[in-house]
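Overview (structure and organization)
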Amino acid sequence: MSAHNEESSTLIGEEPTDDELAAGEATVLEAAADAAGQRLDQWLAAKLGPELSRSRVQALIKQGAVSIAGRKVLEAKRKLTVGETIEILVPAPEPAEPQGEDIALDILYEDDELIVINKPAGLVVHPGAGNWTGTLVNALIHHCGESLSGIGGVRRPGIVHRLDKETSGVMVVAKTDRAHKALSEAFADHGRTGDLERAYLALVWGIPQRPTGTIEAALGRAADRVRRAVVSESRDDARHAVTHFSVVERFGEGQQAFAAASLVECRLETGRTHQIRVHMAHIGHPVIGDPDYGQAFRTKANRLPEPLKAKVNAFPRQALHAWLLEFRHPTTHLTMRFEAPIPGDMEELVGDFRKL
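The rules we used
Residues numbered from 1 in each chain as written. Predicted model: local features only at pLDDT ≥ 70, side-chain atom pairs only at ≥ 80, totals over all residues. Heavy atoms only, no water. Phe/Tyr/Trp six-rings, centres within 6.5 Å; stacked < 30°, edge-to-face > 60°. Helix = DSSP H or I, 4+ residues; strand = E, 2+ residues; numbered from the N terminus. Buried < 20%, exposed > 50% of the residue type's maximum accessible area, 1.4 Å probe, protein only. Axes fitted to C-alpha atoms, helices over the stretch in contact; angles between N-to-C directions. Parallel < 35°, antiparallel > 145°, perpendicular 65-115°, else oblique. Left-handed = near helix turned anticlockwise from the far one by under 90°. Contact = heavy atoms within 4.5 Å. Nonpolar A, V, L, I, M, F, W, Y, C, P; charged D, E, K, R; others polar. Salt bridge = Lys/Arg side-chain N within 4 Å of Asp/Glu carboxyl O. pLDDT = per-residue confidence, 0-100. 1 Å grid on protein atoms, 1.4 Å probe; cavity = no way out; pocket = protein on both sides within 12 Å on 5 of 7 lines; lining within 4 Å. Points joined across faces, edges and corners; volume = space filled by probe spheres on them. Core = buried A, V, L, I, M, F, W, Y, C linked by side-chain atoms within 4.5 Å. Lys, Arg positive; Asp, Glu negative; His and termini not counted. Polar contact = N/O pair within 3.5 Å; in protein donor to acceptor, adjacent residues only side chain to side chain.

**With respect to the packing of aromatic side chains**
- In the structure shown here, the tally under the stated rule is four aromatic pairs.
- Seen in terms of ring centroids, Trp205 and Phe353 are 6.3 Å apart; in terms of plane orientation they differ by 80°. Their pairing is edge-to-face. Of the two residues, Trp205 is situated in strand 9 (residues 196–205) and Phe353 in helix 8 (residues 344–353); the sequence distance between them amounts to 148 residues.
- Under the relative-accessibility criterion, Trp205 is labelled buried at 3%.
- Geometrically, the ring pair formed by Phe251 and Phe353 is tilted, given 6.1 Å between the ring centres and 40° between the ring planes. With Phe251 in strand 13 (residues 242–251) and Phe353 in helix 8, this pair connects stretches of sequence that are 102 residues apart.

**Section: the packing of helix 2 (residues 40–48) against helix 3 (residues 54–62)**
- Close contact between helix 2 and helix 3 brings their axes to 9 Å; oriented N to C, the two are set at 125°. Between helix 2 and helix 3, the angle is such that the two are oblique. Judged by the twist between their axes, the crossing of helix 2 over helix 3 is right-handed. Of the residues in helix 3, those in contact with Leu40, Asp41, Gln42, Leu44 and Ala45 of helix 2 are Arg54, Val57, Gln58 and Ile61.
- Of the residues that constitute the contact of helix 2 with helix 3, the class distribution is five nonpolar, two polar and two charged.

**Description of the pattern of salt bridges**
- Applying the stated criterion to the full structure yields 23 salt bridges.
- Between Asp195 and Arg328 there is a salt bridge, with the nearest N and O atoms lying 2.3 Å from each other. Taken together, the positions of Asp195 in the loop between helix 5 (177–189) and strand 9 and Arg328 in strand 15 (residues 320–328) put the pair 133 residues apart, joining distant regions of the chain.
- The partner of Arg317 in a salt bridge is Asp345, with the nearest N and O atoms 3.0 Å apart. Here Arg317, found in the loop between helix 7 (308–314) and strand 15, pairs with Asp345, found in helix 8; they are 28 residues apart in sequence, far enough to count as distant.
- Among the residues examined, Asp345 registers a relative accessible area of 34% and is labelled partly exposed.
- One continuous salt-bridge network, built from bridges that share partners, spans Asp164, Arg277, Asp290 and Asp292.

**Looking at unusual backbone geometry**
- In the segment running from Glu306 into Pro307, the intervening peptide bond is cis, with an omega of 5°.
- In this structure, Pro307 sits in the loop between helix 6 (275–282) and helix 7.
- The backbone of His333 sits at a positive phi, close to 65°, despite the residue not being glycine.
- Note on placement: His333 falls in the loop between strand 15 and strand 16 (335–339).
- Using a relative accessible area of 47% as the deciding quantity, one classes His333 as partly exposed.

**Focus: helix 2**
- When we look at burial in helix 2, the residues that qualify are Leu40, Asp41, Trp43, Leu44, Ala45 and Leu48.
- Each element contacted by the buried residues of helix 2 is listed here: strand 1 (25–30), helix 3, strand 2 (66–68) and strand 4 (85–90).

**Things to note about the confidence of the model for the protein chain**
- Counting all residues, the mean pLDDT for the protein chain is 87, and 88% of those residues have values of 70 or more.
- Counting contacts from residues 1–16, a segment whose pLDDT is below 50, to residues more than four positions away or on other chains yields 49 contacts.

**Considerations on the layout of surface pockets**
- For the largest pocket, the calculated volume is near 1,000 Å³.
- Sort the elements by how many residues they give to the lining of the largest pocket and helix 6 lands first, with three residues.
- Taken together, the residues of the lining of the largest pocket break down into 13 nonpolar, 10 polar and 11 charged.

**A short note on the nonpolar core**
- Leu203, Trp205, Ile288, Leu304, Val312, Leu349 and Phe353 are the most contacted members of the largest nonpolar core, which totals 49 residues.
- Among the elements that make up this core, the one with the highest residue count is strand 9 (seven residues).
- Apart from the residues within four sequence positions on either side, Leu304 is in contact with Trp205, Phe258, Ala259, Lys309, Val312, Phe353 and Leu356.

**A look at the side chain of Asp111**
- Note on placement: Asp111 falls in the loop between strand 5 (107–110) and strand 6 (114–119).
- Although Asp111 is buried, it makes no salt bridge; Lys175 carries the closest opposite charge, 6.1 Å away.
- Within the structure, the side chain of Asp111 is placed 2.8 Å from the side chain of Tyr109, a separation counted as a polar contact.
- Within the local environment of Asp111, its side chain forms a polar contact with the backbone nitrogen of Glu113, the two atoms lying 2.8 Å apart.

**Some remarks on empty space enclosed by the protein**
- Scanning all chains against the criterion turns up two cavities of 30 Å³ or more.
- Taken as a whole, the largest cavity encloses approximately 70 Å³ of empty space.
- If you go around the largest cavity, the residues you meet are Trp205, Val287, Ile288, Gly289, Asp290, Gly294, Arg298, Ala301, Val312 and Asn313.
- In the lining of the largest cavity, the residues fall into five nonpolar, three polar and two charged.
- Reported here for the second largest cavity is a volume of approximately 50 Å³.

Written out as structure tokens, the structure reads:
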């Protein structure tokens, strides 16, 4: 294998195969005096950044892509010694454009300009780290085929808004540049000056004190740099966020034996990442089943009767569903309204809470 300088490394996906590693580029480095005692991942990230982040380096170490003196090293925290030779293999890059895949879609409407779908829980919207295939974009490329006239000169669907992987519900996707521009502007404005309405249903822990309310709290990155959190407006990464909520149903109200819950409708005035999930947790009513923002409330399930207790503990996702989407068509200018019923798993859970 030949040696390359730091600039020759390539940043690619998260899960290289053995064949890809074998075909990858090798970067060989020598630990100088300043490397003594440093963690392997920290030192490599400093040497190979910004092409390779520290998290990317850690992933490659775990996958056996880093060796010292010819032997694989699988511990990112391994301390370096002066004079050691470190080799890192970076797999060949993934294709630049996602490929079409035959994935079933629940299509609510389609014409030459756009397509509206009811996204199931578990479907990732766009290819990314750890999810390069099996996404909504892959499904749409296969389904739409030649009807995609191109977004930015590339024959691909135009994603103008997203739903989290485990959130179900209505989404609209552009098929033309014209539709993409018009819909993007509408979603960026969040309906303040045009015809756009979005509503979600969330099954949350507890019963809000007021039947309706507004949560206005800026969101930024949490300490782990992955999740979001309510932060001070003065922070550099703070993003203004507003959620309006109303209580649709109350479960277990007026009794002390069991944990109470509510079915809440949320309407967005802004569209930040994980906004509803973070905002509802912020006011003490996290979404049931939320693995990121509802962990502190998981013990509440112990106060539920069987079989509801078991069903809540086994529920694999946040109980959040985008049930309504209304927007103005980019070419006909007609107002279009689409609704998607709560999916079966969430409806069953709501039905069981009604029995409290």
